[in-house]
Structure formats: C-alpha cells, structure tokens
Amino acid sequence: MITSSPPFSRFAVMLGERRLARLIGAVEIVIGSLIAAKPLAPRASALGSLAAAGMFTSTLSFLITTPEAWQQRHREPKLSLVGQFLIKDTVLLGASLLTAAESLRDARCR
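Conventions adopted
Residues numbered from 1 in each chain as written. Predicted model: local features only at pLDDT ≥ 70, side-chain atom pairs only at ≥ 80, totals over all residues. Heavy atoms only, no water. Helix = DSSP H or I, 4+ residues; strand = E, 2+ residues; numbered from the N terminus. Contact = heavy atoms within 4.5 Å. Patch = residues over 30% accessible without salt bridge, like charges linked within 9 Å, V, L, I, M, F, W, Y side chains within 5 Å. Areas by Shrake-Rupley, 256 points an atom, 1.4 Å probe, with all protein chains shown as cover. Salt bridge = Lys/Arg side-chain N within 4 Å of Asp/Glu carboxyl O. Buried < 20%, exposed > 50% of the residue type's maximum accessible area, 1.4 Å probe, protein only. Polar contact = N/O pair within 3.5 Å; in protein donor to acceptor, adjacent residues only side chain to side chain.

**Details of the side chain of Asp89**
Its location among the elements puts Asp89 in helix α6 (residues 89–109). Non-local contacts of Asp89, meaning those with residues more than four positions away in its chain, are made with Phe56, Thr59 and Leu60.

This is how it looks when you write it as structure tokens:
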C-alpha cells in the first residue's frame, strides 16, 4: 500500500520500506501516548487526536491509490479484503475527531 501511494512511495525510496514502516509505527505510538495523556495534559491529547485524524485520513487515501483495494470482477465497485481493512479507518477518524473535541473542551475548563 505504501509503494502505491505517491506521497509515501517517495519516503519508501528514501528510507526503505522497513525503516519507513518502523518510523510509522513509532509515530503511531507517540500519537497514542499523547491521546492517553488526556487526564494530565488535555491539550497534548487534543494534539495527538488531531495527529491521529491526519494519519487516518492519509491511510484512507490508500483506497484511491491501491489497486488491490477494489474488486474489479463486479459491475459495481466492491471492496476487496485490503479495502475492507482500510475502511475501518473511517470509524477511527471519527473517534479521533471526537476525542480531539473532548480534549479541547477539557482544556478550556481548566
């Protein structure tokens, strides 16, 4: 999926696929840690939630750039297993926007 995405394929060439995957994993851990910091630092949590929204938006773009995301055998477009794996990010995108709003609300109340 990374190699078929124009923005990510450049990074894959520069860093290599394995290093890029590790970098993405490390960024996801940092984002998750920021979100989890809500009781102590709601603004940091909001930043993490907004970063997660950006991450999920970028992975949803793979639905467009990954040829294997759609089954071509049918008259109507249907998601393949790869597409079904990616579509879950719509729910996670909504959840990250919700947690961002809650964290910003909590930051204002402090």
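**Focus: a nonpolar patch on the surface**
Together, Phe11, Met14, Leu15, Leu23 and Val27 make up a nonpolar patch on the protein surface, roughly 460 Å² of accessible area in all. If you list the elements that add at least two residues to the nonpolar patch, you get α1 (6–15) and α2 (17–36). Counting through the fold element by element, Leu23 comes out in helix α2. Its relative accessible area of 43% is what places Leu23 among the partly exposed residues.

**Overview of the side chain of Ser96**
When you line up the elements, Ser96 lands in helix α6. Residue classification places Ser96 among the buried residues on the basis of a relative accessible area of 4%. Only 2.8 Å separates the side chain of Ser96 from the backbone oxygen of Leu93, close enough to count as a polar contact. Contact partners of Ser96, with chain neighbours within four places excluded, come to Ser49, Ala52, Ala53 and Phe56.

None of the figures reported here should be taken as evidence of function without further support.
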